[in-house]
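Chain and residue survey
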Amino acid sequence: MAATQKQRRAADAALTAVFSLISLAYVFPLVMVLLNSFKRKAYISRAPFALPTGNMFVRLDNYRNGIRLTDFWASMLWSFVITVLSVALILLCTSMCAWYISRVRNRITHGVYLLCIFSMVVPFQMVMFTLSKVANVLGLNTPWTIPVIYLGFGAGLAVFLFTGYMKACPIAIEESATIDGCSPLRTFFSIVLPILQPSLISTGILQAMWIWNDYLLPYLVIGNKYRTIPIAVQYLQGGYGSRDMGALMAVLVLSIIPIIIFYLICQKYIIKGVVAGAVKG
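Residues numbered from 1 in each chain as written. Predicted model: local features only at pLDDT ≥ 70, side-chain atom pairs only at ≥ 80, totals over all residues. Heavy atoms only, no water.

Details of the packing of aromatic side chains
Within the structure shown, the criterion is met by 11 aromatic pairs. Both rings, one in tryptophan 99 and one in phenylalanine 188, keep their centres 5.5 Å apart while their planes meet at 40°; by these two values the pair is tilted. One end of the pair, tryptophan 99, is in helix H4 (residues 72–103); the other, phenylalanine 188, is in helix H9 (residues 184–195), with 89 residues separating them in the sequence. Judged by its relative accessible area of 16%, tryptophan 99 falls in the buried class. A relative accessible area of 1% means that phenylalanine 188 is categorised as buried. Seen from their ring centres, phenylalanine 124 and phenylalanine 153 are 5.2 Å apart, and the 65° between their planes marks the pair as edge-to-face. Of this pair, phenylalanine 124 sits in the loop between helix H5 (107–119) and helix H6 (128–138) while phenylalanine 153 is found in helix H7 (residues 146–167), placing the two residues 29 residues apart along the sequence. Classification of phenylalanine 124 by relative accessible area gives buried; the value is 16%. Cation over ring: arginine 46 sits above tyrosine 43, and NZ or CZ is 5.1 Å from the ring centre. In this structure, lysine 167 packs its charged tip against the face of tyrosine 113, placed 5.2 Å from the ring centre. (Phe/Tyr/Trp six-rings, centres within 6.5 Å; stacked < 30°, edge-to-face > 60°. Helix = DSSP H or I, 4+ residues; strand = E, 2+ residues; numbered from the N terminus. Buried < 20%, exposed > 50% of the residue type's maximum accessible area, 1.4 Å probe, protein only. Lys NZ or Arg CZ within 6 Å of the ring centre and 35° of its normal.)

Quick notes on the packing of H4 against H7
Axis separation between H4 and H7 bottoms out at 7 Å; the angle between their running directions is 40°. Accordingly, the angle class assigned to the pair H4 and H7 is oblique. The chirality of how H4 crosses H7 is right-handed. Looking at the contact of H4 with H7 residue by residue, the classes come out as 20 nonpolar, 6 polar and 2 charged. (Axes fitted to C-alpha atoms, helices over the stretch in contact; angles between N-to-C directions. Parallel < 35°, antiparallel > 145°, perpendicular 65-115°, else oblique. Left-handed = near helix turned anticlockwise from the far one by under 90°. Nonpolar A, V, L, I, M, F, W, Y, C, P; charged D, E, K, R; others polar.)

Considerations on the pattern of salt bridges
One pass over the structure, following the stated rule, counts 2 salt bridges. Residue arginine 103 is joined to glutamate 174 by a salt bridge in which the shortest nitrogen-to-oxygen separation is 2.9 Å. With a gap of 71 residues between them, arginine 103 in helix H4 and glutamate 174 in helix H8 (residues 172–179) connect regions that are remote in the sequence. (Salt bridge = Lys/Arg side-chain N within 4 Å of Asp/Glu carboxyl O.)

Thoughts on the confidence of the model for the chain
For the chain, the average pLDDT comes to 84, and 93% of its residues sit at 70 or higher. Across the chain, the secondary-structure element scoring lowest on mean pLDDT is helix H13 (residues 245–279), at 75, and the one scoring highest is H4, at 92. Below a pLDDT of 50 lies the segment residues 277–281, which in the model reaches 13 contacts outside its immediate sequence neighbourhood of four places, other chains included. (pLDDT = per-residue confidence, 0-100. Contact = heavy atoms within 4.5 Å.)

Looking at unusual backbone geometry
Most peptide bonds take the trans configuration, and most residues that are not glycine carry a negative phi. At arginine 59, a residue that is not glycine, the phi angle is positive and equals roughly 60°. Counting through the fold element by element, arginine 59 comes out in the loop between helix H2 (41–46) and helix H3 (61–70). Unlike most non-glycine residues, aspartate 71 shows phi in positive territory, near 50°. Relative to the assigned elements, aspartate 71 resides in the loop between H3 and H4.

Here we look at H3
A turn of α-helix holds 3.6 residues, and therefore any two residues three or four places apart point the same way. Listed in full, the buried residues belonging to H3 are Asn62, Tyr63, Gly66 and Thr70. Seen along its axis, H3 keeps its buried residues to an arc of 100°; they face one direction. Turned more than 90 degrees off the buried face of H3, the exposed positions are Arg64 and Arg68. Two residues or fewer past H3, aspartate 71 is found with a positive phi of approximately 50°. (Arc of directions from axis to C-beta.)

Listed below in structure tokens is the structure:
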């Protein structure tokens, strides 16, 4: 028994060391971006791994230049608007759809569920050109209407998680509400949504991180008129491949701070909601 426990402790220590090194490997690029955001442009390529000391250190000049060159606060506003509207629309529509699929079981709902699952494996690159054309024709090329497109791409994962969670939830409470005279809408908003809270939070976090960091869809649909943060970062590159690396690093740091804070605050809900939605069904 003692030998077995020692072997387990040694194995645990080895795994801890391995995964600690893997974690450091993932964190290292973020640290490099942060350090280089305080260096002069010439030293970023000349000494990328050095600490920003002496002549390298430029204080907050790179941040000022990056904010000025990209109109950063306007880009952050558009990213915030698009992310909030898209996540709200995805959560509302897909939770209703999942509730209907899990409670009304027939060939139609089963087919809708399979289509949602199939949409998860279709790469965006297959439909991006036709999608941008359709978006222009239908007037979906604004920050206020692009959430409709994000709903189409985000529905698959959200419906999958919500349906799995709803299948494990008892239907007796909903039947009692119906007997008491609740309409379907009142039952959904008063009973079903509170039950879905763990999956709502985890799905909302995953969708928000995807939409906030998305570059290709906003670039193709709304273009340069309403620059989101990823689009603004891309426009820091000048002609003939020239770019202000200091300003670029500074803007990258500013762009990842909000989503990192959001993730750190809500990370404890991710595993709960994903496991509940994927396993219980």
